[in-house]
Amino acid sequence: MTRRLTVAQALVTFLAHQYTERDGRRQRLIDACWGIFGHGNVAGIGQALLESEGALPYLQGRNEQAMVHAAVGFARQRDRLAAHAVTTSIGPGATNLVTGAALATINRLPVLLLPGDTFATRPADPVLQQLEHPGAGDISVNDCLRPVSRYFDRITRPEALIPAALTAMRVLTDPAETGAVTLALPQDVQAEAYDWPEEFFADRVWHVRRPAPDPAATADAAAAVRAARRPLIVAGGGVHHSEAEDALRGLVEATGIPVASTQAGKGSLRHDHPADVGGIGHTGTAVADELARAADVVIGVGTRYSDFTTASATLFAPGVRFVNLNITSFDAHKLAALPLVADARAALRALTEALAGYRVPASYESEYAAGKAAWEAEVERAYAVADPGARPGQAQVLGALDAVVGDEDVIINAAGSLPGDLHKLWRARSRRQYHLEYGYSCMGYEIPAAIGVRLAAPDRPVWALVGDGTYLMMPTELVTAVQEGIAIKVVLIQNHGYASIGGLSEAVGGERFGTAYRYRAPDGTYSGDPLPVDLAANAASLGMDVLRARTAGELRTVLAEARAADRPTCVYVETETADSVSGAPPAQAWWDVPVAETATRPAAVRARRDYERHAAARRRYLGT
């Protein structure tokens, strides 16, 4: 039996019949398709979505990059078991996908990209928006997506869709392989008809397994931990993707090993669990970083060990041994570790069983309990409001939000000075409350990701925290939230510049050059008065309900009002200027940003001396 459909109609029908299953729970794999239409996909995928009569729901976006961000937010909230597709026209619509695709692949999050492509049959050459490459006729702008995709294929004949679509689903659902998957679709092929086997459209369930660790590797890991007196767990995003929080808590409560978390792993334990010592690395807590400096064994669970986590290879002691639990062999072997290549939940349970009877010394538990209490006092100090009638600092904004949210709220951020403050200060209350995209730290992620998270979890209050720099990068999807009635809450912090990069610039001898949003001064620098930009009015013009918090004293009341709102709502708050924005404790560990080796300006000369002092502590971890 066959069914005659266009390539686009066949793909949409196929996608509507794909499912995932893990632990006996089945759900649709491709839950919806975002799209902006142009000549490269309107008569193909666009017509097919219309013809499907809602079998694959359609979501209208305003910016192609933002659509990918929304899809990534959705997939992360659904533990990588469900995803969205994104369709674009050829040309700029397709190249706008590249940043979002990189973000998805770096963070190991599934998204299906369906960009239009130039004609496979080449009836006219070039066609509108075609990139001509003199040395290769088969290259199009979509080839930009190859290095940022986990799988890429160009469908130049109808029958090629069958193996390509099946491979695409395999990669999307494989936790060790997942990321952006691209099927480039020439516009003529999209509209071409073919007789498809009915089996292609049958319901297909992709089983997401939980591979167990090798018993010998588990025994080796347990032996290394048993020999340790100061072990430390580094919890990464893999804990959440695997729904391994209970298994982690079981290991911790049996052994007393403390847990520090990466940006992606924060919330693996509740903030008030005795063994949770907060964030680790450059933006980590003092207690976590001190434990890391003295640890004899570090147990990484689902972490990539980014430079922020390792403080650019200066944080951990030279003789430390690593034990890495990870679904990917690539990550499990980092830092010359003893690898447990397995699902995080399965590996944690196996390690707990292998460590039966082991517990860290009582003196070690007392040490990190005291450090945790001391850091909590730092959090209270940062959150405290000295003058309710003054503008709040950024840490005080977080303190007010901390007082308003419940366990079910989701806090989303990605870039600027907020990630550092959040990693140090935020009290994560539940497994998916803390949503920081810090693999790519992409400005503009927050608002569309909040839409994706809210679509994935419609009963949870979802907050997008953005500074003015990030807001100006990509406010477009506020219109989408208004159109669809997606009641996200946007906290828009106006601090008149790139606060994070301003601070970094100052530290590396750049003297905050080019980081303030101000008028030009007579000397040619941007050091005049702040720009009279009213971003609250801009948000209102896009259809948002806007609440202004003019003082620290008003802020908590305004945030509570926003939380109760059933429409897309923006809380606008003007904080201190960009050169005094944070108020959080300073960095507790180094981050390697190279400083000019030769300079005449005193600030750069001083910064270079500091850089050389810190860089001397870098080391290779070779497992000996």
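Figured I'd write up the structure that's included with this text. The structure displayed is predicted, hence computed values, not measured ones.

So, how was this worked out
Residues numbered from 1 in each chain as written. Predicted model: local features only at pLDDT ≥ 70, side-chain atom pairs only at ≥ 80, totals over all residues. Heavy atoms only, no water. Helix = DSSP H or I, 4+ residues; strand = E, 2+ residues; numbered from the N terminus. Rg over C-alpha atoms; globule rule 2.2 N^0.38 Å. Buried < 20%, exposed > 50% of the residue type's maximum accessible area, 1.4 Å probe, protein only. Contact = heavy atoms within 4.5 Å. Areas by Shrake-Rupley, 256 points an atom, 1.4 Å probe, with all protein chains shown as cover. 1 Å grid on protein atoms, 1.4 Å probe; cavity = no way out; pocket = protein on both sides within 12 Å on 5 of 7 lines; lining within 4 Å. Points joined across faces, edges and corners; volume = space filled by probe spheres on them. Nonpolar A, V, L, I, M, F, W, Y, C, P; charged D, E, K, R; others polar. Salt bridge = Lys/Arg side-chain N within 4 Å of Asp/Glu carboxyl O. Pairing = 2+ DSSP bridges. Axes fitted to C-alpha atoms, helices over the stretch in contact; angles between N-to-C directions. Disulfide = S-S within 2.5 Å. Polar contact = N/O pair within 3.5 Å; in protein donor to acceptor, adjacent residues only side chain to side chain. Phe/Tyr/Trp six-rings, centres within 6.5 Å; stacked < 30°, edge-to-face > 60°. Lys NZ or Arg CZ within 6 Å of the ring centre and 35° of its normal. Arc of directions from axis to C-beta.

## Observations concerning the overall build of the chain
In terms of regular secondary structure, the chain is built from 24 helices and 23 strands. The C-alpha atoms of the chain give a radius of gyration of 25 Å, which matches the 25 Å a tight globule of 624 residues would have. Taking the principal axes of the C-alpha coordinates as reference, the chain spans close to 70 × 70 × 55 Å. Within the chain, buried positions represent 58% of all 624 residues. Across the chain, contacts joining residues at least 24 apart in sequence account for 76% of those joining residues at least 6 apart. With an accessible surface of roughly 23800 Å², the chain has 53% of that area assigned to carbon and sulfur atoms.

## Some remarks on empty space enclosed by the protein
Evaluation of the coordinates by the stated rule reveals two cavities of 30 Å³ or more. Here the largest cavity is characterised by a volume of approximately 200 Å³. Taken together, 21 residues make up the lining of the largest cavity; nearest its centre are His 271, Asp 276, Gly 278, Lys 372 and Glu 376. Residue assignment for the lining of the largest cavity shows that the elements contributing at least two residues are β14 (276-279), α15 (362-383) and α17 (418-425). It is α15 that provides the largest number of residues to the lining of the largest cavity, a total of four residues. By residue class, the composition of the lining of the largest cavity is eight nonpolar, six polar and seven charged. What lines the second largest cavity is a set of 13 residues, and nearest its centre among them are Asp 117, Thr 118, Gln 129, Ser 140 and Val 141.

## Focus: the pattern of salt bridges
Two side chains bearing opposite charge may form a pair once their charged atoms approach each other closely. Under the counting rule described, the total for this entry stands at 39 salt bridges. For Asp 143, the salt bridge goes to Arg 146, with nearest N and O atoms at 2.6 Å. Asp 409 is the partner of Arg 563 in a salt bridge, and the nearest nitrogen-oxygen pair spans 2.7 Å. You can see Arg 563 sitting in helix α23 (residues 552-564) and its partner Asp 409 sitting in the loop between α16 (394-404) and β18 (410-413), a full 154 residues away along the chain. With relative accessibility at 23%, the residue Arg 563 sits in the partly exposed group. Overlapping salt bridges bring together Glu 376, Glu 380, Asp 402, Arg 427 and Arg 429 as one network.

## Topic: α17
The buried fraction of α17 is high, at eight of eight residues. Within α17, burial applies to Leu 418, Pro 419, Gly 420, Asp 421, Leu 422, His 423, Lys 424 and Leu 425.

## Things to note about the sheet that holds strand β6 (residues 83-88)
Spatially, the six strands line up as an open sheet ordered β5-β4-β6-β7-β9-β8, and their pairing is parallel. Among the strands making up the open sheet, the edge pair consists of β5 (58-60) and β8 (151-154). Strand-to-strand twist of the sheet, defined as the mean angle between neighbouring strand axes without regard to direction, takes the value 20°. The sheet contact formed by strand β4 (residues 30-35) and β5 spans three bridges and is parallel. Each residue of the ladder has a partner; that of Trp 34, found in β5, is Leu 59.

## Considering the state of the cysteines
Following the criterion strictly, the structure yields zero disulfides and no others. Summary of cysteine pairing: Cys 144 is not part of a disulfide, and the nearest cysteine sulfur, belonging to Cys 442, is at 16 Å. What makes Cys 144 partly exposed here is its relative accessible area of 42%. The class for Cys 442 is buried, based on a relative accessible area of 8%.

## Concerning the environment of Ser 527
Positionally, Ser 527 belongs in the loop between α21 (499-507) and α22 (535-541). For Ser 527, a relative accessible area of 45% translates into the label partly exposed. Separated by 193 residues in the primary sequence, Ser 527 and Lys 334 have C-alpha atoms spaced 45 Å apart. Among the polar contacts listed, one links the side chain of Ser 527 to the side chain of Thr 525, at a separation of 2.8 Å.

## Notes on unusual backbone geometry
The omega angle of the peptide bond from Asp 125 to Pro 126 is 10°, so this bond is cis rather than trans. Its identity is not glycine, yet Glu 243 carries a phi of approximately 55°, on the positive side. Among the structural elements, Glu 243 can be located in the loop between α9 (237-241) and α10 (245-255). The backbone of Leu 335 shows a phi angle near 60°, a positive value even though the residue is not glycine. By the element assignment, Leu 335 lies in the loop between α13 (329-332) and β17 (338-341).

## Description of the packing of aromatic side chains
According to the stated counting rule, one finds 14 aromatic pairs in the structure shown. Where Trp 590 meets Tyr 611, the ring centres are 5.7 Å apart and the plane angle is 55°; that geometry is what we call tilted. Highlighted residues: Trp 590 in the loop between β23 (569-574) and α24 (602-615) and Tyr 611 in helix α24, separated in sequence by 21 residues. Grouped by ring-pair contacts, the aromatic residues Phe 14, Tyr 194, Trp 196, Phe 200 and Phe 201 constitute a single cluster. In this structure, Arg 26 packs its charged tip against the face of Tyr 19, placed 4.1 Å from the ring centre. The ring centre of Tyr 434 lies 5.6 Å from the NZ or CZ of Lys 266, which sits over that ring.

## Digging into the sheet that holds β18
With respect to topology, six strands assemble into an open sheet ordered β19-β18-β20-β21-β23-β22, the strand pairing being parallel. Of all strands in the sheet, those bounded by a partner on one side alone are β19 (434-436) and β22 (545-549). Neighbour-to-neighbour, the strand axes of this sheet turn through a mean angle of 20°, independent of strand direction. Here strand β21 (residues 489-494) pairs with β23 via six bridges, running parallel. In the sheet register, Leu 492 faces β23, and the bridge partner there is Tyr 572.

## Considerations on helix α2 (residues 42-51)
Taken residue by residue, α2 has Gly 44, Ile 45, Gly 46, Ala 48 and Leu 49 as its buried positions. One side of α2 carries all its buried residues, which in axial view fall inside an arc of 165°. Turned more than 90 degrees from where α2 packs its buried face, Ala 43 and Leu 50 sit exposed. Elements in contact with the buried residues of α2: α1 (7-15), β4, β5, β6, β9 (180-186) and α7 (187-190).

## Observations regarding the environment of Val 225
Checked against the element boundaries, Val 225 lands in helix α8 (residues 215-226). A relative accessible area of 0% places Val 225 in the buried class. The residues touching Val 225, leaving out its near neighbours within four places in the chain, are Ile 257, Val 297, Ile 299, Leu 355 and Tyr 358.

## Observations regarding the side chain of Glu 21
Tracing the chain through its elements places Glu 21 in strand β2 (residues 18-22). What Glu 21 contacts, discounting residues up to four positions off in sequence, is Arg 26, Val 205, Trp 206, His 207 and Val 208.

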